[in-house]
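A look at the structure
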Amino acid sequence: SQLLAWLDVTGVAVSLGSGLFLVFVFFPSLKTIPDRAQRMKTLAAAIQYFHPIFLLGICTVFMTGAMRLTDLKIDFGQFYYSSLGHVLMWKFGLTTLIFLIAGGQCFGMGLKLQRMANGVIEGTLERQEKLANAIKKMATWNVIALAVTIYFGLKLLPIVYGQH
């Protein structure tokens, strides 16, 4: 349906856009803050809002894709796996990878960095900076995995809307 398509595109825009912003705009802009502790507090405050938005985007894409698969199974019938199986296996594998990376980035390292930067748990400034660098690396890998997943999604378009 049209609504699912728009929700899917919106989810892609939110997840990929926020990931690109974090990696290529926000992290470089942190370097303008001279005080290292303030830099970590600023990052912690930002990811408090960024991570839920990013997770909302990837969850929206996942759910709309899952709903669309039901329609495709009906439309393709017995040719569903032979027509779409190869591309869908790549998408499923990449989706799993995206969620694993996002879980580590958002729930593992992100929450720990927030607590350390705000003095809730102990953590040296060096440890916080290591977590920040790891979050940036994970966010970069997620942007790459999202881009490749989008590529495979685009490969499905001619199959889904063409002759089958």
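The notes below deal with the structure included here. Quick caveat, the model's predicted, so the values are computed rather than measured.

Attention shifts here to helix α3 (residues 80-117). Bending of α3 peaks at approximately 45° at the position of His-86. Positive phi appears at Gly-119, one or two residues downstream of α3, with a value of about 75°.

With that settled, the discussion passes to the side chain of Gln-105. Relative to the elements of secondary structure, Gln-105 occurs in helix α3. With residues up to four places along the chain from it excluded, the contact list for Gln-105 reads Leu-22, Phe-50, His-51, Gly-110, Ile-135, Met-138, Ala-139 and Asn-142.

Proteins that are soluble and globular tend to have nonpolar side chains buried together. If you look at the biggest cluster of nonpolar residues, it comprises 28 residues, and the most contacted ones within it are Phe-27, Leu-43, Phe-54, Ile-58 and Leu-113. Those elements that provide at least two residues to this core are α1 (2-30), α2 (36-76), α3 and α4 (125-161). In terms of residue count, α2 provides more of this core than any other element does, 8 residues in total. Sequence-distant contacts of Phe-27, defined by excluding residues within four places in its chain, comprise Leu-22, Leu-43, Ala-132, Ile-135 and Lys-136.

In this section: the packing of aromatic side chains. The final tally for this structure, using the stated rule, is 5 aromatic pairs. Ring centres of Phe-62 and Phe-99 lie 5.5 Å apart, and the angle between their planes is 75°; this geometry places the pair in the edge-to-face category. In this pair, Phe-62 is assigned in helix α2 and Phe-99 in helix α3, connecting sequence segments 37 residues apart. In textbook terms, an aromatic cluster arises when at least three aromatic residues are bridged by ring pairs, as seen for Trp-90, Tyr-151 and Phe-152.

Cut-offs and rules
Residues numbered from 1 in each chain as written. Predicted model: local features only at pLDDT ≥ 70, side-chain atom pairs only at ≥ 80, totals over all residues. Heavy atoms only, no water. Bend = angle between axes of the 7 residues up to and from the residue. Helix = DSSP H or I, 4+ residues; strand = E, 2+ residues; numbered from the N terminus. Contact = heavy atoms within 4.5 Å. Core = buried A, V, L, I, M, F, W, Y, C linked by side-chain atoms within 4.5 Å. Buried < 20%, exposed > 50% of the residue type's maximum accessible area, 1.4 Å probe, protein only. Phe/Tyr/Trp six-rings, centres within 6.5 Å; stacked < 30°, edge-to-face > 60°.

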